[in-house]
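In case you want the letters, here they are:
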Amino acid sequence: GDSVTQMEGPVTLSEEAFLTINCTYTATGYPSLFWYVQYPGEGLQLLLKATKADDKGSNKGFEATYRKETTSFHLEKGSVQVSDSAVYFCALDENRGSTLGRLYFGRGTQLTVWP
Amino acid sequence: NAGVTQTPKFQVLKTGQSMTLQCAQDMNHNSMYWYRQDPGMGLRLIYYSASEGTTDKGEVPNGYNVSRLNKREFSLRLESAAPSQTSVYFCASGGQRVSNYGYTFGSGTRLTVV
C-alpha cells in the first residue's frame, strides 16, 4: 500500500544552518506530495505541495522537489531560524480522482533551531 | 476565520468516563477525519467520513465511535475512556480536490485519561 518514510529526528541545528529533511514514498500511480508543519501546541498547517513529477513546492523559504525517479520529496531550507522549530510531516495523496482524498503521513521529524 | 474548530482544547477524564469531542468546519468540505497523535507514532487515522451520512474505520478505531451530524460537524465519542486513549486528537477536513489542496486541521484536543 501507499506509505511515506521520513528521516527520524530529532534534528538540531544552529540558526542560519542548512536544513534537509528526507522523505521517500511508496505509491502506485502518481500521488500528490505535501509537507505539513506543526508548531508547538498547534495543529498541522500545509507548508508546501507538489502535484506532479519535477514540480517544486515552495513557501516561507522552504522548498521540496517531486522526484519520481527516486520517489522522494526532500524538504530543504537554506538558512533556518529559531522560529522554524517545529515538527514537519511529509504526506501523500493517492490522487486517483476519487471524491475522498486520503492523505498518508510520515511519522514526523522534530526540528529544533538554536540561536 | 474560516477553518476547522475543535472543542474542548483540553480535557481530563477518569477511567471509564465518557465524552464527545466536537469538530466543525465552515469550508463546505465533503470529507472529514479524526486522528490521534502520540509521541513517536505520528498521526494515526481513527475514523473518517467521505460525505454527510457516511463513516468508515481508519487504522485505530477500537474504543471510539463517530457521528457525521451534518456536512459541517463530525464528532468523536469515547464511551468508556481508558488510559491508552490519552493523546492529542486532531480533526481535519478535505474539499473535493484533496490531491491539490490537502487537508485543513483543527488545533487539537489534548485528552488525559487518569
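Residues numbered from 1 in each chain as written. Chains lettered and ligands numbered in written order. Predicted model: local features only at pLDDT ≥ 70, side-chain atom pairs only at ≥ 80, totals over all residues. Heavy atoms only, no water.

Participant: Explain the nonpolar core to me, using residue names and the numbers behind them.
Facilitator: Residues and elements named next belong to chain A. Counting 26 residues, the largest nonpolar core has Leu19, Trp35, Leu47, Leu48, Phe73, Leu75 and Tyr88 as the members making the most contacts within it. Elements with a contribution of two residues or more to this core: β2 (11-14), β3 (19-21), β4 (23-26), β5 (32-38), β6 (44-50), β8 (62-65), β10 (86-93) and β12 (109-114). Looking at this core, the element that brings in the most residues is β10, giving four residues. Those residues in contact with Tyr88 that sit more than four places away from it in its chain are Gln6, Ile21, Trp35, Tyr36, Val37, Leu47, Phe62, Leu75, Gly108, Thr109 and Leu111. (Core = buried A, V, L, I, M, F, W, Y, C linked by side-chain atoms within 4.5 Å. Buried < 20%, exposed > 50% of the residue type's maximum accessible area, 1.4 Å probe, protein only. Helix = DSSP H or I, 4+ residues; strand = E, 2+ residues; numbered from the N terminus. Contact = heavy atoms within 4.5 Å.)

Participant: An account of the packing of aromatic side chains is needed here, citing residue identities and associated values.
Facilitator: Applying the stated rule across the entire model yields 14 aromatic pairs over all chains. Judged by centre distance (6.1 Å) and plane angle (50°), the ring pair of B:Tyr103 and B:Phe105 falls under tilted. Grouping residues by exposure puts B:Tyr103 and B:Phe105 together as buried. Taken together, the ring pairs in this structure connect A:Phe34, A:Tyr36, A:Phe105, B:Tyr33, B:Tyr35, B:Tyr48, B:Tyr103 and B:Phe105 into an aromatic cluster. (Phe/Tyr/Trp six-rings, centres within 6.5 Å; stacked < 30°, edge-to-face > 60°.)

Participant: Explain the interface of chain B and chain A residue by residue, including any values.
Facilitator: In this complex, chain B contributes 21 residues to the contact, which on the side of chain A involves 20 residues. At the boundary of chain B and chain A, one finds zero salt bridges. Summed over the shared surface of chain B and chain A, the number is three residue pairs in polar contact (both at pLDDT 80 or more). Those elements that provide at least two residues to the side of chain B that touches chain A are β4 (31-38), β5 (42-49), α1 (98-101) and β10 (103-105) of chain B. When its residues are assigned to classes, the side of chain B that touches chain A shows eleven nonpolar, nine polar and one charged. (Salt bridge = Lys/Arg side-chain N within 4 Å of Asp/Glu carboxyl O. Polar contact = N/O pair within 3.5 Å; in protein donor to acceptor, adjacent residues only side chain to side chain. Nonpolar A, V, L, I, M, F, W, Y, C, P; charged D, E, K, R; others polar.)

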